[in-house]
Amino acid sequence: MENKIIKTIPEAIKASGLKSGMTISFHHHLRNGDYLLNMVLDACAKMKIKNLTVCASSIFDCHEPLIGHIKKGVVTGLECSYMSKVVGQEIARGILKKPVIFRTHGSRPGDIARGKMKIDVAFIGAPTADTMGNCTGKHGKSRFGSIGYAYADAEYAKKSIVVTDNLVEYPLSDASITEDKIDFVVPVKAIGDPEKIVSGTTAITRDPVRLRMAQMAVKCIEAAGLMKDGLSFQTGAGGATLAVAVYLKEKMLKEGIVGSYILGGITSYSLDLQREGCFKSLIDVQSFDTASAADIATNPNHIEVSGLQYGSAVAKSSCMATLDTAMLGATEVDVNFNVNVHTDSNGNIMGGSGGHTDIAEQCKMDIIITPLFRNRLPMIKDRVTTISTKGKYIDVIITERGVAVNENVAKPNAIKNLKQKFIRAGIPVVDIRDLKKMAEDICGKPKPAPRGKKIVANVLGHSGEHVDYIYNIPK
């Protein structure tokens, strides 16, 4: 075989043996700038291929054409870790006959590896690839950095197709995914727009209230006894959680603390911490902006990892197993510390657990940063609309009116006597039910949102276990 080049996506689909009723997969490293999913589904529609299950690591607003493909029967099944609101609102209204399966970023590759999620054809968007399928996300006009979420797809799919807009001669010297996993290579004009990797969820907040909550998070890290050499840290992609990185850098530089690694979703704020000497390494499963995508190509301490190594329960070990602390967001929390990141209070799908649940279950101390209310709606409830992460794995919830500490955490590496440590440090610890009452005193107690009887999604946890159902929004 001289090469694996196939000229067009339709020809590659035909060569792969893809037929109606099969399962295809995609990764989301180009986030809202991805072109590939739409290109493949458009080709399938023209080829009269129907009844497909799409296993995309995440679905973004740029994938709005997916709605039309669902309505026409091209797509009848959908599995992902995250779904933004344009597609999510339509799913919540019940346009898909089968429930969406929501996995975490850890359980998705885990289920692929153990054969619970079987992929017939994986489509891998690669900013650079050679003629035999060696590929990477670190170079090329569409570079997005780490290609971590595509490793399992390439390894375990029956057929794997690399689609690239930068075809180079064999051999590619810095391959992330290697040729032994790849069947075909398709050169195209563009696989996506890397400028749209950054979205509203990856920009630091400017809200002074949320900035104060971020400062409080750093105080909590210190009070818990984690602010010391060797600290390992992950921040989420929300504005307030990203702000923690800024204040953490100030504290570490002031006290001369050198941490071990930052895990993630790596952002430019992560780069700043490492470049300033606060952390020795960056462990990257997904580069969240163009700066981090560029850095991973040249920085030997910026390490690319697969989704399995990042946080899977199936792997022999994962990076999260040694993680000290993580900053996470929420759309709602409840008095039992359950967290919702899948839906808004009305039941509209507008997110997903991503790595949220994986991290909470494994790290020593996770911190949820959430305002007491948004748009006059209390964010602390008797029961969240959707349980994304079970309360037994949540350690701390920070609001602008105080910090709630869960004294019933059920994980072996939980920090003991955390509430007492916070109180001794002068942190304003408040019972979570009192925080709920504060919010209701300001906003009133909202009426429960109407909920239909149709299950539109099944939310799975870190080990692939069922956590909750999402029901349709009545018309």
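Draft legend 1. Spatial organisation of the overall build of the chain. When you go through the chain residue by residue, the secondary structure sums to 14 helices and 25 strands. Computed over the C-alpha atoms, the radius of gyration of the chain is 22 Å, within 12% of the 23 Å expected from 2.2 N^0.38 for a compact globule of 475 residues. Partitioning the contacts of the chain with sequence separation of at least 6, the portion at a separation of at least 24 is 72%. As displayed, the chain offers around 18,600 Å² of accessible surface, 49% of which is attributable to carbon and sulfur atoms. Of the side-chain charges in the chain, 60 are positive and 49 negative, and the distance between the mean point of each set is 6 Å.

Draft legend 2. Just the sheet that holds strand 3 (residues 75-80), in detail. Strand order in this open sheet of 9 strands is 10-8-5-1-2-3-4-24-25, and the pairing throughout is mixed. At either end of the open sheet lies a strand with only one pairing partner, and these are strand 10 (184-187) and strand 25 (466-471). Along the sheet, successive strands turn relative to each other by an average axial angle of 20°, direction set aside. One ladder, built from 3 bridges, connects strand 4 (residues 100-102) with strand 24 (residues 455-460); its direction is parallel. Across the sheet, residue I101 finds its bridge partner in strand 24, namely N458.

Draft legend 3. Looking closely at the pattern of salt bridges. A full pass over the atoms with the stated rule returns 24 salt bridges. Its salt-bridge partner being E222, residue K251 comes within 3.1 Å of it at the nearest N-O pair. You can see K251 sitting in helix 8 (residues 239-255) and its partner E222 sitting in helix 7 (residues 208-223), a full 29 residues away along the chain. Overlapping salt bridges, with partners in common, bring together E79, R103, D111 and R114 in one network.

Draft legend 4. How the structure looks around the sheet that holds strand 7 (residues 135-136). Across the sheet, 3 strands lie side by side as 7-6-9; this open sheet has mixed pairing. Both outer strands of the open sheet, strand 7 and strand 9 (167-168), are each paired with one neighbouring strand and no more. Relative to strand 7, strand 6 (residues 128-130) is paired through 2 bridges, and the arrangement is antiparallel. Note on strand 7: the bridge partner recorded for A129 is C135.

Draft legend 5. Summary view of the pairing of strand 1 (residues 23-26). In strand 1, alternate side chains face the same way, and those of T23 and S25 on one face and I24 and F26 on the other are all buried. In terms of strand pairing, strand 1 meets strand 2 (residues 52-56) through 4 bridges, oriented parallel. The partner of S25 across the bridge, within strand 2, is C55. A crossover connection joins strand 1 to the parallel strand 2 through helix 2 (residues 36-46); in handedness this β-α-β unit is right-handed.

Draft legend 6. Structural detail: the packing of helix 7 against helix 8. At a closest axis distance of 8 Å, the pairing of helix 7 and helix 8 adopts a crossing angle of 50°. With respect to each other, helix 7 and helix 8 are oriented oblique. As for how helix 7 packs across helix 8, the hand of that crossing is right-handed. Residues R210, L211, A214, Q215, A217, V218, I221 and E222 of helix 7 form the contact with helix 8, whose own contacting residues are A240, A243, V244, Y247, L248, K251 and E255. When the residues that make up the contact of helix 7 with helix 8 are grouped by side-chain class, the tally is 10 nonpolar, 1 polar and 4 charged.

Draft legend 7. Molecular detail of the nonpolar core. Formed by 62 residues in total, the largest nonpolar core has its most connected members in I24, M83 and I91. Apart from the residues lying within four places of it in its own chain, the contact partners of M83 are I59, L78, G88, I91, V100, F102, I349, M350 and G351. With 40 residues, the next largest nonpolar core counts L231, F233, A245 and L418 among its residues.

Draft legend 8. Structural view of helix 2. All of the buried residues in helix 2 are L36, L37, N38, V40, L41, A43 and C44. At the C-terminal side of helix 2, K48 shows a positive phi close to 65°.

Draft legend 9. Here's a closer look at the environment of I473. Along the chain, I473 turns up in the segment after strand 25. Sequence separation of I473 and V209 is 264 residues, and the distance between their C-alpha atoms is 32 Å.

Draft legend 10. Up close: the pairing of strand 12 (residues 259-266). When you tally the buried positions in strand 12, you get 7 out of 8 residues, the bulk of the element. Judged from the 7 bridges that link them, strand 12 and strand 13 (residues 279-287) form a sheet pairing that is parallel. Considered in strand 13, the bridge of I262 is made with L282.

Draft legend 11. Molecular detail of the packing of helix 8 against helix 9 (residues 268-275). For the pair helix 8 and helix 9, the least separation of the axes is 9 Å and the interaxial angle reads 15°. On the basis of their axis angle, the class for helix 8 and helix 9 is roughly parallel. Here helix 8 runs over helix 9; the crossing is left-handed. For the pair helix 8 and helix 9, the contacting residues are L242, A245, V246, L248 and K249 in the first and Y269, D272 and L273 in the second. The residue inventory of the contact of helix 8 with helix 9, partitioned by class, reads 6 nonpolar, no polar and 2 charged.

What counts as what
Residues numbered from 1 in each chain as written. Predicted model: local features only at pLDDT ≥ 70, side-chain atom pairs only at ≥ 80, totals over all residues. Heavy atoms only, no water. Helix = DSSP H or I, 4+ residues; strand = E, 2+ residues; numbered from the N terminus. Rg over C-alpha atoms; globule rule 2.2 N^0.38 Å. Contact = heavy atoms within 4.5 Å. Areas by Shrake-Rupley, 256 points an atom, 1.4 Å probe, with all protein chains shown as cover. Lys, Arg positive; Asp, Glu negative; His and termini not counted. Charge placed at Lys NZ, Arg CZ, Asp CG, Glu CD. Pairing = 2+ DSSP bridges. Axes fitted to C-alpha atoms, helices over the stretch in contact; angles between N-to-C directions. Salt bridge = Lys/Arg side-chain N within 4 Å of Asp/Glu carboxyl O. Buried < 20%, exposed > 50% of the residue type's maximum accessible area, 1.4 Å probe, protein only. Right-handed = clockwise from strand over helix to strand, strands pointing away. Parallel < 35°, antiparallel > 145°, perpendicular 65-115°, else oblique. Left-handed = near helix turned anticlockwise from the far one by under 90°. Nonpolar A, V, L, I, M, F, W, Y, C, P; charged D, E, K, R; others polar. Core = buried A, V, L, I, M, F, W, Y, C linked by side-chain atoms within 4.5 Å.

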